[in-house]
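The chain contents come next:
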Amino acid sequence: MMSDPRLEEFAKTPNWIAFGKALAAALDDPERFGFEGQSELLAHVAQLRGVDPSSLRNPLAAVNWMKLNAPKALKEENASVPMTGVLVLSQISIISNDLAKSLAPKFFSGETSRKDLQVALRRAEVSKGGRGVAAHERAKRIAHFEEEVFRFLKENSKVLEMGRHVDVVRTSREARVPSDFSVIRDGQIVAAIECKSHRNKRHRRYLVETLAMTALLAKEHSHAVLVVPESWGDSKAELAHFQIELGLDDVRVAEFGDEDGPGRRFRYLEAGSQGE
């Protein structure tokens, strides 16, 4: 089948909001583009974008939520708005629509970050399900782990093996693909760093999805590092295995522990380096 030029045009759109709007409109009338059903059109657009069809659900869900709850932001098509933040807002609205409405303007103006929304979501879940103490403690552990990793890498950037003249900074809220930290050299981002804190459930799907997100960061910034705590046990070896098995050469997995000394606190789980 010859590809419709209109599909090719919007499939290559880097602005996720503009893309989501165009895709939603196309799905309303797939026959107009020569397809019998929505699934065929989705598969074709996914092929044009070089992604799995399931990944297109996220921009569609985010745009559909904005249609009902943030039409002004949808019209503005500000590409710096993180799609993941909109998805968190949609989750919040399921629990408390009033809370989502109060948070949305601050989020779209940049005053509230994606992580602020995640904290609000956890609190909303707690207020609804009565898991207050446990959820609050888990949120504190996550924040504490990220802070520890950031401070250590800020002071010991050489352990990243990315050359001598690099700095570690917190990633801007406006990043197209958000990460926890960024590695900077000569004013340019050369790698992204994503942290995953202590957690009890680390099933295969979660590990693969975590690596997939890190791979997306690597595609955006050439290299990406996934930092997990020493407490992940056998899951660390699984991550390293998946990283090699999936051919994610620009992704590195590292563990962060409690031992003294730069080489003991932070260790890559596979050989190799990314120097200048």
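Above this note sits the structure.
Keep in mind the model is a prediction, meaning the values are calculated, not measured.

A. Main features of the nonpolar core. Ranked by size, the top nonpolar core spans 23 residues in total, and within it Trp-16, Trp-65, Met-66, Val-86, Leu-89 and Phe-108 carry the most contacts. Elements with a contribution of two residues or more to this core: helix H2 (16-28), helix H4 (57-69), helix H5 (71-76), helix H6 (83-95), helix H7 (97-109) and helix H8 (114-129). Grouped together as the second largest cluster of nonpolar side chains are 22 residues, Phe-150, Val-159, Leu-160 and Phe-256 included.

B. Structural detail: the packing of H2 against helix H3 (residues 38-49). One can describe the packing of H2 onto H3 by two numbers: an axis separation of 10 Å at closest approach and a directional angle of 150°. Relative to H3, the element H2 lies roughly antiparallel. Taken as a pair, H2 and H3 cross one another with a handedness that is right-handed. Along its contact with H2, which presents Phe-19, Leu-23, Ala-26 and Leu-27, the element H3 presents Gln-38, Leu-41, Leu-42, Val-45 and Arg-49. Among the residues forming the contact of H2 with H3, the class breakdown is seven nonpolar, one polar and one charged.

C. Representation of the side chain of Thr-214. Position of Thr-214 among the secondary structure elements: in helix H10 (residues 204-221). Thr-214 sits in the buried class, given a relative accessible area of 0%. Those residues in contact with Thr-214 that lie beyond four places of it in its chain are Ala-224, Val-225, Leu-226 and Val-251.

Conventions adopted
Residues numbered from 1 in each chain as written. Predicted model: local features only at pLDDT ≥ 70, side-chain atom pairs only at ≥ 80, totals over all residues. Heavy atoms only, no water. Core = buried A, V, L, I, M, F, W, Y, C linked by side-chain atoms within 4.5 Å. Buried < 20%, exposed > 50% of the residue type's maximum accessible area, 1.4 Å probe, protein only. Helix = DSSP H or I, 4+ residues; strand = E, 2+ residues; numbered from the N terminus. Axes fitted to C-alpha atoms, helices over the stretch in contact; angles between N-to-C directions. Parallel < 35°, antiparallel > 145°, perpendicular 65-115°, else oblique. Left-handed = near helix turned anticlockwise from the far one by under 90°. Contact = heavy atoms within 4.5 Å. Nonpolar A, V, L, I, M, F, W, Y, C, P; charged D, E, K, R; others polar.

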